[in-house]
Amino acid sequence: MTESDVGAEVLAGQGQEVLQYAVKFVCGRSEGEIVASGTYFTAINVHNPLYRDVRFRVKVAIGLPGLKSGLVSKFRDARLGPDGALEIDCRDVQSLAEHEADFMKGFVVIESVTELDVVGVYTAADRDGQVEALDIERVPARSRKVGGREVRVTFESPLAVGTQYGTPAGQSDGDVIFTSSGVVVTIHDFVFIGGGGTFGLAQVDLAPALNSTQSMRTNNVNLGFDFGAIGFVPTRVQFEFLDAGGSENLSVNGDPFVGDISAAPSTLGGVNISLSTTPAPGGRKGTVTLTGVVNQLMVGGQEFWIDNVCAFE
């Protein structure tokens, strides 16, 4: 990798899309003051899924306790050939940061204009050097544009945990339940795989298997997101989900799909669909990315949580 001082424009021109992966790392030996005593290792695997060379760049941001920001390194450029893969381990983190310490934690930030496969592998050993813990996490991309705009529906405050919509609130199919950042959020009937449907409930919830923030649980109901009043036309929409069972509904620009969300078609409503998943307690979690002009989105399930519905210019 070679050092680069230039901004994101090295990857994309003004208004072009950049994909960013923020991968947590924990490296070194802890005496138990911050995390449990032991030795921690992180290996970040990056794979190029394309049949051509890709260019990306990497930096390190070190986190400190006491609400303090640590060192942020310069970006360094990297390349991968067709179907190539590389690994960023704890020694690479020290090299990127140009900083050596017995214990370090923070984020490795990867930016690319093409989608990559990014997976973090985490192990921890006891004082005898035996592996005590192993975790693997696929890291989704955060999409942004240089100079572009974005809006997010996060289901955070002023929404309160436990707030219910749908049948318990006396609402009906198509009712507006709230507006966030100009996005009009509505509630709709749920359609079964075999035909027919029902109108259940949605609830602001905490789902640790998905993330540590508030999310929206859908139980036999759909939520609609209308982007017509946000001030720009979204060309990319993403949302996170936790699927704990049952079937799902997905509709893009009025074009519907009913079934397991992992079996959603590659295109819907004139928009390309990509999906990444990883195992989670009680089911699986993942990210759905819609690429193309998205005016309206509707999604829901039976034991299904959604969060961080993001629209990008």
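**Student:** What am I meant to see in the state of the cysteines here?
**Tutor:** Working definition: the covalent bond between the sulfur atoms of two cysteines is a disulfide. Under the defined criterion, the tally for this structure stands at one disulfide. Disulfide pairing places C27 opposite C90 at an S-S distance of 2.1 Å. The disulfide joining C27 to C90 has a torsion of about -85° about its S-S bond and is therefore left-handed. With C27 in strand β2 (residues 17-30) and C90 in helix α1 (residues 90-97), the pair connects residues that are 63 residues apart, well separated along the chain. Like C90, C27 is buried.

**Student:** Help me understand the environment of Y51, please; the structure alone is not making it clear to me.
**Tutor:** Along the chain, the position of Y51 falls in the loop between β3 (38-47) and β4 (54-64). Between the alpha carbons of Y51 and D83 there is a distance of 6.2 Å; along the sequence they are 32 residues apart.

**Student:** Please clarify how the nonpolar core should be interpreted in this entry.
**Tutor:** In globular proteins that are soluble, nonpolar side chains generally tend to be buried together. The biggest cluster of nonpolar side chains holds 40 residues, and the ones touching the most others in it are F155, F225, F227, F239 and L297. What F227 contacts, discounting residues up to four positions off in sequence, is V183, F232, P234, V237, V294, N295, Q296, L297, V309 and A311. Counting 27 residues, the second largest nonpolar core, distinct from the first, contains Y21, C27, I44 and I62.

**Student:** When you look at the sheet that holds strand β22 (residues 248-252) in this model, what are you seeing that I'm missing?
**Tutor:** Hydrogen bonds between backbone groups are what pair the strands of a sheet, and the pairing can be parallel or antiparallel. One open sheet accounts for six strands, arranged β14-β15-β20-β27-β22-β23; its pairing is antiparallel. The open sheet is flanked by β14 (176-180) and β23 (255-259), the only strands paired with a single partner. Taken pair by pair, the neighbouring strands of this sheet meet at an average axis angle of 15°, ignoring direction. Two elements, β22 and strand β27 (residues 296-301), share five bridges in a ladder whose sense is antiparallel. Counterpart to E248 in the pairing with β27 is G301.

**Student:** Quick question: what am I supposed to make of the side chain of T218 here?
**Tutor:** On the secondary structure map, T218 appears in strand β19 (residues 214-219). What makes T218 buried here is its relative accessible area of 0%. Of note is the side chain of T218, whose polar atom sits 3.0 Å from the backbone nitrogen of G301. With residues up to four places along the chain from it excluded, the contact list for T218 reads L201, A202, L223, G300, G301, Q302, E303 and F304.

**Student:** Sorry if this is basic, but what is going on with the packing of aromatic side chains here?
**Tutor:** Think of a pair of aromatic rings as described by two things: how far the centres are apart, and how the planes are tilted against each other in angle. Scanning the entire structure with this criterion turns up five aromatic pairs. Between F190 and F192 the ring centres are 5.9 Å apart and the planes differ by 75°, which places this aromatic pair in the edge-to-face class. Through successive ring pairs, a cluster of aromatic residues spans F155, Y165 and F178. The side chain of K24 reaches across the aromatic face of F107, ending 5.4 Å from its centre. For the cation-ring pair, R57 lies above F75, with the distance from its terminal atom to the ring centre recorded as 3.6 Å.

**Student:** What is the right way to read a nonpolar patch on the surface from this model?
**Tutor:** Taken together, the side chains of V131, L134 and I136 define a hydrophobic patch exposed on the protein surface, amounting to about 310 Å² of accessible area. As for its placement among the helices and strands, V131 is situated in strand β10 (residues 131-138). Here V131 falls in the exposed class, since its relative accessible area comes to 57%.

**Student:** Explain the environment of R57 here, please?
**Tutor:** Note that R57 resides in strand β4. The class of R57 is buried, set by a relative accessible area of 2%. One polar contact links R57 to E111, side chain to side chain, over a distance of 2.8 Å.

**Student:** Sorry if this is basic, but what is going on with the confidence of the model for the protein chain here?
**Tutor:** Mean pLDDT over the protein chain stands at 89; residues scoring 70 or higher make up 93%. Counting contacts from residues 1-15, a segment whose pLDDT is below 50, to residues more than four positions away or on other chains yields 42 contacts.

Thresholds, definitions, all that
- Residue positions within a chain follow its written sequence, with the count starting from 1.
- It should be noted that, the model being predicted, local features are given only for residues of pLDDT at least 70 and side-chain atom pairs only at 80 or more, the latter also being counted only at that level, while totals for whole chains, interfaces and linings use all residues.
- Just so you know, side-chain values use all the structure's heavy atoms and leave hydrogens and water out.
- Cysteine sulfur atoms that come within 2.5 Å of each other are treated as a disulfide pair.
- Counting from the N terminus, the helices are DSSP H or I runs at least four residues long and the strands are E runs at least two residues long.
- Residue exposure (1.4 Å probe, protein chains only): buried if accessible area is under 20% of the type maximum, exposed if over 50%, otherwise partly exposed.
- Think of a nonpolar core as a cluster: buried Ala, Val, Leu, Ile, Met, Phe, Trp, Tyr and Cys residues, connected wherever their side-chain atoms sit within 4.5 Å.
- The contact criterion used throughout is that any non-hydrogen atoms of two residues lie within 4.5 Å.
- Two strands qualify as a pair provided DSSP detects at least 2 bridges between them.
- The convention used is that axes are lines fitted to C-alpha atoms, helices contributing only their stretch in contact, and that angles between N-to-C directions extend from 0 to 180 degrees.
- In protein, a polar contact requires one atom able to donate a hydrogen and another able to accept it; more generally it is a pair of N or O atoms within 3.5 Å, and residues adjacent in sequence count only if both atoms are side-chain atoms.
- For Phe, Tyr and Trp, rings pair up if their centres lie within 6.5 Å, where Trp contributes its six-membered ring, and each pair is then called stacked (planes under 30 degrees apart), edge-to-face (over 60) or tilted (otherwise).
- Think of it as a cone above the ring: NZ of Lys or CZ of Arg counts as a charge over the ring if it is within 6 Å of the ring centre and within 35 degrees of the ring normal.
- Patch construction takes residues with relative accessible area above 30% that form no salt bridge. Like charges are linked within 9 Å, and nonpolar side chains (Val, Leu, Ile, Met, Phe, Trp, Tyr) are linked within 5 Å.
- Only the protein chains shown count as cover for residues, and the accessible areas themselves come from Shrake-Rupley with a 1.4 Å probe.
- Definition used for salt bridges: Asp or Glu carboxyl oxygen within 4 Å of a side-chain nitrogen of Lys or Arg.
- Per-residue confidence from the predictor is given as pLDDT, running between 0 and 100.

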